[in-house]
Amino acid sequence: MNVFFLNIQKFKQTIKQEWNDNMKIIPISTVHHKAWFRIRTFFRRLSCNITLGILAIPVFLPVMMVMCASIKSGNELTTLLAPVVNSGAGEIQWNFFSLYPTGGHFFRLLFYTPEFFTVFWNSMKIVFLILLGQLFIGIPAAWAFAAFRFRGKNILFLLYLCLMLLPFQVTMLPSYVMLNSIHLMNTQAAVILPAVFSTFPVFLTYRSFCEIPQELLEAARMDGAGEGSIFLALGLPLGSGGILSALVLGFLDYWNMMEQPLAFLQDKTLWPLSLYLPEIDIAHAGRALAASVITLIPATFVFALGQDYLEQGIAASGIKE
Amino acid sequence: MKSYRKFRCNYRSNGNPPRSDRTHRSKIYNGRLSQSRALFLLPSLTGVSVFVLFPFGDVAKRSFQTAMTKKFCGIANYTTIFHNQAFLLAVTNTARFVVVGIPLLLVLSLLLALMIDGSPFVQGWKSVYLFPMAIPTATMVLIWKLLFSGNGLLNGLLRKRGVPPTDWLGSDASFVVLVFSYLWKNMGYTIVLWMTGLRSVSVERKEAAKVDGASRLQCFLYVVLPELTPMVFTITVLSFLNSFKVFREAYLVAGAYPQQKMYLLQHLFNNWFTNLEMDKIAAAGVCIAAVFLIGVFALQRLWDRQE
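This is a predicted model, so every value here is computed, not measured.

Trainee: So what exactly am I meant to see when it comes to the overall build of chain B here?
Mentor: Within chain B one finds 13 helices and 0 strands. When its helices and strands are written in sequence order, chain B yields α-α-α-α-α-α-α-α-α-α-α-α-α. Residues classed as buried in chain B amount to 34% of the 307 residues present. For chain B, the proportion of contacts with a sequence separation of at least 24, taken over those separated by at least 6, is 72%.

Structural data, given as structure tokens:
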């Protein structure tokens, strides 16, 4: 025990020695020695962080408000929202703390509101089928663009890029024409199919596939690997970062999808959450708030798990082609 | 500019041997897609052509036909939409939104990115500002209504300060709501984009400038900013694309027929679609696609020449 202790002391000393040596090696310009420079840097950083903190308030405040309001009791919500609902006299009095906190809204929403379940699973189904479709269709296409050379590749890729740039409002009518002619209007396939063939994930995964050295693929081909096995054994694992970032970005976008279902789905039982939520009357504010919180949960979950990939994806989308 | 050249080269040659080597044609590369390789691209290409390309051609054809009888009518549809009050209003509003919103977003997020870059909690701040991206628009509707309605929280706050309250959703101030929600949603995305740009600025050049006695502002203006210019193009294009999604907030908060200043092209398309005015959508869609693509390529050309 004693020996161990001594060793630690020695270890500490060597660390200290090394630290001092290192500090000597780092070239420090003359300004750095002055005390006021350090103080100034400290205050500059402090003020930066304080500004960032103040600006972060509007980011989180709305979420906090939803959370806090969702556990307020029905009566409290009614009195709280009265000025907004009646658009008459009185001023809104916000209180973060609820007088009678209750989980009743969640209970009622989850156990006595069957349509919420339908809509929730609609959303889940739409998002997962879209992402699955993109995995099976978009990613091989990205691989083809990244790994093969063929005639007309540049033109095709430019075409994909252009399609990526067009907003939904422009492709709405073309999609409608097609969906109508194959009688898919007012089915969930009308929302899913056009999104599956979106070219954005192709572009994102293409970027990560491009980073795989071509020599590796050539070597695999020389060794007699088929194109399919090269894709599965080399492409997928090496490009997994790009694939995951496309999935995370896709999930956040499609979970929030509004324009497509609004245009292509008339039947309200087919709607996703993002359209159902605003439909809830403000008189049932408790239910709307509880549903809001539940809608937020999967998105936050994916955000928390996939934040690195999300950032990678954003950065990759910013790289100029 | 260095980075730009590199990527451009990547795109053209894609990591393959340089052009001079391409004359060598082995079994591996014969210029055409072999069957097994074509299978990778085929499903996607088929889907894209079936759902977008061919129908888009059809729509382009329709834009020269009457809606009901499908007779050729020349550019009648185009003249109709350019004399349509609603279309002109929507175009002006969208243009105003883009002209005000995007520069504001770019400048604000650059400032924030610089601040975050200098702080010790880079990752934490990034996640904080990215979080609104994850929040579904629908969850926020009720809160936006609470904040911005006539007797809402924002007006209550203003009244306490002695500022006369405004009708945020019913007057011209609705434009402010629109821009605010756009900034709220897209700030994080743009900050991350700027951060990647800031990280690629060489540390040596910054240090050299500092040693030569440049102030922080000079260092930023003459060293960092020139290296960021290639990013401006992509960030502008991406912000422009995302600006079309502001419709979600606008539609949910204010409905299909909002206050005049808030009436965007997206509202118009949606309303035309529900009224089945296909000839107008076709003509307007073709116009917007043209403006979009020409705009992007013109910007790119402009940028190419600058370098």
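Trainee: Looking at this model, I keep getting lost on the overall build of chain A. Mind explaining?
Mentor: A tally of helices and strands in chain A yields 16 helices and 0 strands. Seen through its C-alpha atoms, chain A measures out along the principal axes to roughly 70 × 65 × 45 Å. For chain A, the proportion of its 321 residues judged to be buried stands at 39%. Partitioning the contacts of chain A with sequence separation of at least 6, the portion at a separation of at least 24 is 79%.

Trainee: How do you make sense of the environment of leucine 46 of chain A when you look at a structure like this?
Mentor: Residues and elements named next belong to chain A. With respect to the helices, strands and loops of the structure, leucine 46 is situated in helix 2 (residues 35–70). The exposure class of leucine 46 is exposed, given the 11 C-beta atoms found within 10 Å. Counting along the chain gives 90 residues from leucine 46 to phenylalanine 136, while the straight-line C-alpha distance between them is 49 Å.

Trainee: Sorry if this is basic, but what is going on with unusual backbone geometry here?
Mentor: Negative phi characterises most residues that are not glycine, and trans characterises most peptide bonds. The residue histidine 183 of chain A is not glycine, and still its phi comes out positive at about 55 degrees. The topology assignment puts histidine 183 of chain A in the loop between helix 7 (168–181) and helix 8 (189–196). The phi angle at leucine 276 of chain B is positive, at roughly 55 degrees, despite the residue not being glycine. As for its position among the elements, leucine 276 of chain B is in the loop between helix 12 (265–274) and helix 13 (278–306).

Trainee: Help me out: how do you make sense of the interface of chain B and chain A in this one?
Mentor: Where interface size is quoted, it is often the accessible area lost as the parts come together. Listed by partner, the interface residues are 90 residues for chain B and 90 residues for chain A. Broken down by element, the residue count for the side of chain B that touches chain A peaks at 15 residues, all from helix 2 (residues 35–62) of chain B. Looking at the side of chain B that touches chain A residue by residue, the class counts come to 61 nonpolar, 23 polar and 6 charged.

Trainee: Which parts of the structure should I look at to understand the confidence of the model for chain B?
Mentor: Residues and elements named next belong to chain B. Averaged over all residues, the pLDDT of chain B equals 82, while 89% of them reach at least 70. Averaged over each element, pLDDT in chain B is lowest for helix 1 (residues 2–13) (43) and highest for helix 4 (residues 85–118) (92). Counted against residues more than four places away or in other chains, residues 1–13, with its pLDDT under 50, gives 14 contacts. Note on residues 17–30: pLDDT is under 50 here. Beyond four places in sequence and across chains, it has 6 contacts.

Trainee: Sorry, what's going on with the domain arrangement of chain A here?
Mentor: Residues and elements named next belong to chain A. Domain boundaries assigned for chain A yield domain 1 (2–103) and domain 2 (106–318). Just the C-alpha atoms count here: the centres of domain 1 and domain 2 sit 34 Å apart. Going through the elements one at a time, helix 2 and helix 3 (74–86) are the ones with two or more residues in the side of domain 1 that touches domain 2. Here the side of domain 1 that touches domain 2 is built from residues that sort into 6 nonpolar, 3 polar and no charged.

Trainee: I'm lost on the confidence of the model for chain A in this one. Help?
Mentor: Interpretation of this model should avoid reading the predicted coordinates in detail wherever pLDDT is low. The predicted model of chain A averages 84 in pLDDT, with 90% of residues at 70 or higher. Mean pLDDT across the elements of chain A ranges from a minimum in helix 1 (residues 2–25) of chain A, with 66, to a maximum in helix 5 (residues 114–147) of chain A, with 93.

Trainee: Which parts of the structure should I look at to understand the packing of helix 9 (residues 200–210) of chain A against helix 12 (residues 240–255) of chain A?
Mentor: In a pair of packed helices, the angle between the axes and the distance between the axes together describe the arrangement. All names here are of chain A. It is the contact of helix 9 with helix 12, at a shortest axis distance of 8 Å, that shows an interaxial angle of 155 degrees. Put simply, helix 9 runs roughly antiparallel to helix 12. The element helix 9 and its partner helix 12 pack so that their crossing is right-handed. Listed contacts from helix 12 to Pro201, Leu204, Thr205, Arg207, Ser208 and Phe209 of helix 9 are Gly241, Gly242, Ile243, Ser245, Ala246 and Gly250. Broken down by class, the residue content of the contact of helix 9 with helix 12 amounts to 5 nonpolar, 6 polar and 1 charged.

Trainee: Would you mind going over the environment of alanine 146 of chain A with me for this structure?
Mentor: All names here are of chain A. Tracing the chain through its elements places alanine 146 in helix 5. Note on alanine 146: 24 C-beta atoms within 10 Å, which makes it buried. Put simply, alanine 146 and isoleucine 212 are 66 residues apart on the chain and 8.9 Å apart in space, counted from C-alpha to C-alpha.

Trainee: Help me out: how do you make sense of helix 2 of chain B in this one?
Mentor: An α-helical turn contains 3.6 residues, so any two residues separated by three or four positions project in the same direction. The largest bend in helix 2 of chain B comes to about 45 degrees, at serine 49 of chain B. Those residues of helix 2 of chain B not exposed but buried are Phe40, Leu41, Ser44, Gly47, Val48, Phe51, Val52, Pro55, Phe56, Val59 and Arg62 of chain B.

Trainee: Sorry, what's going on with the nonpolar core here?
Mentor: One finds Ala142, Trp143, Phe251 and Leu252 of chain A together with Ile191 and Ala250 of chain B to be the most contacted residues of the largest nonpolar core, which totals 148 residues. Per-element accounting of this core gives the leading share, 15 residues, to helix 5 of chain A. In this structure, this core is formed jointly by two domains, domain 1 (2–103) and domain 2 (106–318) of chain A, each of which donates at least three residues. Leaving out residues up to four positions away in the same chain, alanine 142 of chain A has contacts with Val202, Thr205, Tyr206 and Phe209 of chain A.

Trainee: Can you help me understand the packing of helix 2 of chain A against helix 15 (residues 285–305) of chain A in this one?
Mentor: Residue and element names in this part refer to chain A. Where helix 2 contacts helix 15, the two axes come as close as 9 Å, and the packing angle between them is 125 degrees. Taken together, helix 2 and helix 15 sit at an angle that is classed as oblique. Helix 2 and helix 15 meet at a crossing whose hand is left-handed. The segment helix 2 lies against helix 15, with Val66, Met67, Ala69 and Ser70 engaging Leu289, Ala290, Ser292 and Val293. Its residues placed into classes, the contact of helix 2 with helix 15 shows 6 nonpolar, 2 polar and no charged.

Trainee: Where do I start with the environment of serine 243 of chain B in this structure?
Mentor: Residue and element names in this part refer to chain B. Residue position: serine 243 is located in helix 10 (residues 216–243). Judged by the 19 C-beta atoms lying within 10 Å of it, serine 243 falls in the partly exposed class. Contacts of serine 243, omitting those with residues within four sequence positions, involve Phe97, Val98, Gly101, Ile102 and Tyr182.

Trainee: What is the right way to look at helix 15 of chain A in this model?
Mentor: An ideal rise of 1.5 Å per residue puts 30 Å on 21 residues; helix 15 of chain A measures up with 30 Å between its terminal C-alpha atoms. Those residues of helix 15 of chain A that sit buried are Ala285, Gly286, Arg287, Ala288, Leu289, Ala290, Ala291, Ser292, Thr295, Leu296, Val302 and Phe303 of chain A.

What counts, and at which threshold
- Residues numbered from 1 in each chain as written.
- Chains lettered and ligands numbered in written order.
- Predicted model: local features only at pLDDT ≥ 70, side-chain atom pairs only at ≥ 80, totals over all residues.
- Helix = DSSP H or I, 4+ residues; strand = E, 2+ residues; numbered from the N terminus.
- Buried ≥ 20, exposed ≤ 12 C-beta atoms within 10 Å, placed from the backbone.
- Contact = placed C-beta atoms within 7 Å.
- Nonpolar A, V, L, I, M, F, W, Y, C, P; charged D, E, K, R; others polar.
- pLDDT = per-residue confidence, 0-100.
- Domains from an automatic or database assignment.
- Axes fitted to C-alpha atoms, helices over the stretch in contact; angles between N-to-C directions.
- Parallel < 35°, antiparallel > 145°, perpendicular 65-115°, else oblique.
- Left-handed = near helix turned anticlockwise from the far one by under 90°.
- Bend = angle between axes of the 7 residues up to and from the residue.
- Core = buried A, V, L, I, M, F, W, Y, C linked by C-beta atoms within 7 Å.
- Expected span 1.5 Å × (residues − 1).

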